[in-house]
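Each chain is listed here by its residues.
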Amino acid sequence: MAGPEQTRQQVEERAERVEDAELALQGINMLLNNGFRESDELFRKYRNHSPLMSFGASFVSFLNAMMTFEEEKMQMACEDLKTTEKLCESDDAGVIETIKNKIKKNVDQKSAPSVVDRLQRQIIVADCQVYLAVLAFVKQELSAYIKGGWILRKAWKIYNKCYSDISVLQESCQKKASQESLPSDRANDNAVPREGVSAESLSRLKGSVSFGYGLFHLCISMVPPHLLKIINLLGFPGDRLQGLSSLTYASESKDMKAPLATLALLWYHTVVRPFFALDGTDTQAGLMEAKAILQKKEAVYPNSSLFMFFKGRVQRLECQINSALTSFHDALELATDQREIQHVCLYEIGWCSMIEMNFKDAYKSFERLKNESRWSQCYYAYLTGVCQGATGDLEGAKTVFKDVQKLFKRKNNQIEQFSLKKAERLRKMSPTKELCILAAIEVLYLWKALPNCSSSKLQNMSQALQEVNDSSYMGLKNLLLGAIHKCLGNIKDAIQSFQLAARDELGRQNNSYVQPYSCYELGCILLDNPETTGKGRTLLLQAKEEFAGYDFENRLHVRIHAALASLKEVVPQ
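For clarity, every value in this text was computed on a predicted model and none was experimentally measured. Sequence order sets the numbering: in each chain, residues are counted from 1 along the sequence as written. Only residues with pLDDT of at least 70 get local features here, since the model is predicted, and only at 80 or more are side-chain atom pairs given and counted; chain-wide, interface and lining totals rely on the full set of residues. Heavy atoms from the whole structure form the basis of all side-chain values; hydrogens and water molecules are not counted.

**Remarks on the overall build of the protein**
Here's step 1: Assigned secondary structure in the protein consists of 26 helices and 0 strands.
Here's step 2: Buried residues are those whose accessible area, probed at 1.4 Å on protein chains only, stays under 20% of the maximum for their type, while exposed residues exceed 50% and partly exposed ones sit between those limits. The buried share of the protein, taken over its 573 residues, is 55%.
Here's step 3: When checking whether two residues touch, look at their non-hydrogen atoms; a contact exists if any pair is within 4.5 Å. Taking the contacts inside the protein whose residues are at least 6 apart along the sequence as the reference set, 67% of them involve residues at least 24 apart.
Here's step 4: Note on areas: Shrake-Rupley, 1.4 Å probe, and residue coverage restricted to the protein chains presented here. For the protein, the exposed surface amounts to about 25800 Å²; the carbon and sulfur share of it is 51%. Numbering of helices and strands runs from the N terminus; a helix is a DSSP stretch of H or I covering at least four residues, while a strand is a stretch of E covering at least two.

Written out as structure tokens, the structure is:
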């Protein structure tokens, strides 16, 4: 089988006779088949060939920056994106030459390239602005958020206009094709209407704009109500079904972003849906769609570490943890030259090991991430200490908990704030094996991983929690027991545990999120019973409106928003 280097040589040999849209798609496919370096070289070699190839080079630069979080690479990505943006906005940049090959000789050749090229450049400008906004958000400063918001507003307006223009052109093209007869003089027309724009070019452009257009709709549809006022002020809509439909269209197009749309759909179905509980108690939602995508793309990406990673995600959500571990280890080996993808795989290996209560292997994965990753060493240090303590190495855990404070860098980051607070408390009170196991189960709960655990492991966790007798942990203990009972189908026991957790006042200072999360959990259980739907809705609103300033507040608000939205679909309000 041809490797990335051989593939790059084959692509370059055809580069001069292939239109840039196809060349860009091949470059992205090369990237997803573990040829990150080769893809980067190809795009940079042809970055002045057209705006599309320039964007390909800038996208690879952006992806590299987002995977490393290195300041130097983020600055380089900003410069590359701005260069591409300027190229698209300049009047003297060359048009996409090979589009002319699709235009019939008796058609005005200037009209088609100008229409196609103008739309393509506008879409690229919008894409560049989205990525520049993401790079601004990463800085996590108020001024960066404001700047990023207005950049996104500008990008959305371009997407919306281009999407509308392309849809109108497609309708016009289809009307003309159906109105005209099919005598011999039409046989070689290749579906080119009088405006000189081919149906094929419009279909690719629709795929190009649908990626950004769909992502906007999908992401904004998940924003909790208390942030929607700001979002609406910026003029953004949010329709989940429209977002999924647009991303699906983009994934099936011949545009360079088709593979990225496929990855976005896999990310949504295997990461976002379960994490934010967008389908309520249905933890299997989205798996059928994800499996269908993986099966369809297997031949195109036979050795892709990213697709192997998503295969592992599906297996984890199906509670096939051993199979998931095999997939993540395979992805780890395939990503030999991609340190950042290796880190994502290591993270999942750590989580699967925690799910299996194999704290020794979990500790090894998180320790490596603590030492190698630049993302959040503070968070990885906390997970390392918790798993180390859960194995019984309490002195080692205590040492690592001390490191958490040294590695705490992002004061506005909820995960780092949580990690610091928890590590400090465990360190000061001298950690016990039982408390470290409780802390591991707590993280599994907060990250929605308990539904991925087998019944036997859930029962083992329940037994481990029973051994915790510290009165300041009673609320948290009952919340976790309630979640475990819920996963096991013991609804009466779950309700009792959640009620005890919701009434806990003693532990409120140490675990401020326990009460609102308990109200949410109780509300979700009651929603499932038609006789108690009203009471469930009241509890969800109570969790949303009566509590503030607790850990992972936004995370819970997204879940409450999803639960209330699903209720409206069943019973119109």
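Once the structure has been displayed, the description carries forward.
**Describing the pattern of salt bridges**
Here's step 1: Put simply, a salt bridge is a Lys or Arg side-chain nitrogen that is within 4 Å of an Asp or Glu carboxyl oxygen. What the rule picks out here adds up to 22 salt bridges.
Here's step 2: Taking the shortest distance from any N to any O, the salt bridge between Glu252 and Lys296 comes out at 3.7 Å. Of this pair, Glu252 sits in the loop between α10 (240–251) and α11 (258–275) while Lys296 sits in helix α12 (residues 287–297), and the two are 44 residues apart along the sequence. Neither residue differs from the other here; Glu252 and Lys296 are each classed as exposed.
Here's step 3: Across the salt bridge formed by Glu442 and Lys422, the nearest N and O atoms sit 2.9 Å from each other. Within this pair, whereas Glu442 is found in helix α20 (residues 433–446), its partner Lys422 is found in helix α19 (residues 414–428), the two being separated by 20 residues in sequence.
Here's step 4: You can call Glu442 buried: its relative accessible area is 1%.
Here's step 5: With a relative accessible area of 9%, Lys422 lands in the buried category.
Here's step 6: Each member of the salt-bridge network shares a partner with another, and the members are Asp40, Arg44, Arg47 and Asp80.

**Details of the confidence of the model for the protein**
Here's step 1: In the predicted model, the protein carries a mean pLDDT of 83, and the fraction of residues at 70 or more is 83%.
Here's step 2: The predictor rates its confidence in each residue with pLDDT, a number between 0 and 100. Counted against residues more than four places away or in other chains, residues 92–112, with its pLDDT under 50, gives 33 contacts.
Here's step 3: Here residues 184–194 is a poorly scored stretch, pLDDT under 50, and it has 16 contacts once near neighbours within four places are set aside; other chains count.

**So, the packing of aromatic side chains**
Two aromatic rings, taken as a pair, are described by how far apart their centres are and by the angle between their planes.
Here's step 1: What counts as a ring pair is set by centres within 6.5 Å for rings of Phe, Tyr and Trp (its six-membered ring), and what kind of pair is set by the plane angle: stacked under 30 degrees, edge-to-face over 60, tilted for all other angles. Per the stated rule, a full pass over the model turns up 26 aromatic pairs.
Here's step 2: Arranged with centres 4.5 Å apart and planes meeting at 25°, the rings of Phe62 and Tyr131 form a pair that is stacked. One end of the pair, Phe62, is in helix α4 (residues 51–68); the other, Tyr131, is in helix α6 (residues 111–138), and 69 residues separate them in sequence.
Here's step 3: Considering the side-chain rings of Tyr159 and Phe216, the 5.8 Å spacing of their centres and the 65° angle between planes classify their relative orientation as edge-to-face. Here Tyr159, found in helix α7 (residues 142–179), pairs with Phe216, found in helix α8 (residues 199–221); they are 57 residues apart in sequence, far enough to count as distant. Assigned by exposure class, Tyr159 and Phe216 land together as buried.
Here's step 4: Feature note: the residues Tyr347, Trp351, Phe366, Tyr379, Tyr380, Tyr382, Phe401, Phe418, Trp447 and Phe552 constitute an aromatic cluster, connected by ring pairs.
Here's step 5: Any Lys NZ or Arg CZ that is within 6 Å of a ring centre and within 35 degrees of that ring's normal is treated as a charge sitting over the ring. In this structure, Arg555 packs its charged tip against the face of Trp447, placed 4.3 Å from the ring centre.
Here's step 6: Its guanidinium or amino end placed over the ring of Phe552, Arg555 lies 4.1 Å from that ring's centre, counting from NZ or CZ.

**Remarks on the packing of α12 against helix α13 (residues 305–317)**
Here's step 1: Running from N to C, α12 and α13 point in directions that differ by 150°, and their axes come no closer than 10 Å. The orientation of α12 with respect to α13, classified from their angle, is roughly antiparallel. In this structure, the crossing between α12 and α13 has a hand that is left-handed. Seen from α12, the contacting residues are Leu287, Ala290, Lys291, Leu294 and Lys297; seen from α13, they are Phe307, Phe310, Lys311, Val314 and Leu317.
Here's step 2: Gly counts as polar in this scheme, as do all residues outside two lists: the nonpolar Ala, Val, Leu, Ile, Met, Phe, Trp, Tyr, Cys and Pro, and the charged Asp, Glu, Lys and Arg. Residues belonging to the contact of α12 with α13 are distributed by class as follows: 7 nonpolar, no polar and 3 charged. The convention used is that axes are lines fitted to C-alpha atoms, helices contributing only their stretch in contact, and that angles between N-to-C directions extend from 0 to 180 degrees. Any angle from 65 to 115 degrees is called roughly perpendicular, while one under 35 is roughly parallel, one over 145 is roughly antiparallel, and all others are oblique. The crossing is said to be left-handed when, going from far helix to near helix, the turn is anticlockwise and less than a right angle, and right-handed when the turn is clockwise.

**Let's talk about the nonpolar core**
Here's step 1: Grouping buried Ala, Val, Leu, Ile, Met, Phe, Trp, Tyr and Cys residues that are joined through side-chain atoms within 4.5 Å yields what is termed a nonpolar core. Counting residues in each nonpolar core, the largest one holds 170 residues, and the members touching the most others are Trp351, Met354, Tyr382, Trp447 and Leu450.
Here's step 2: Among the elements that take part in this core, α6 stands out by supplying 12 residues, more than any other.
Here's step 3: Setting aside residues up to four positions removed in sequence, Leu450 forms contacts with Ile441, Leu444, Tyr445, Leu458, Met461, Ala483, Ile484 and Cys487.

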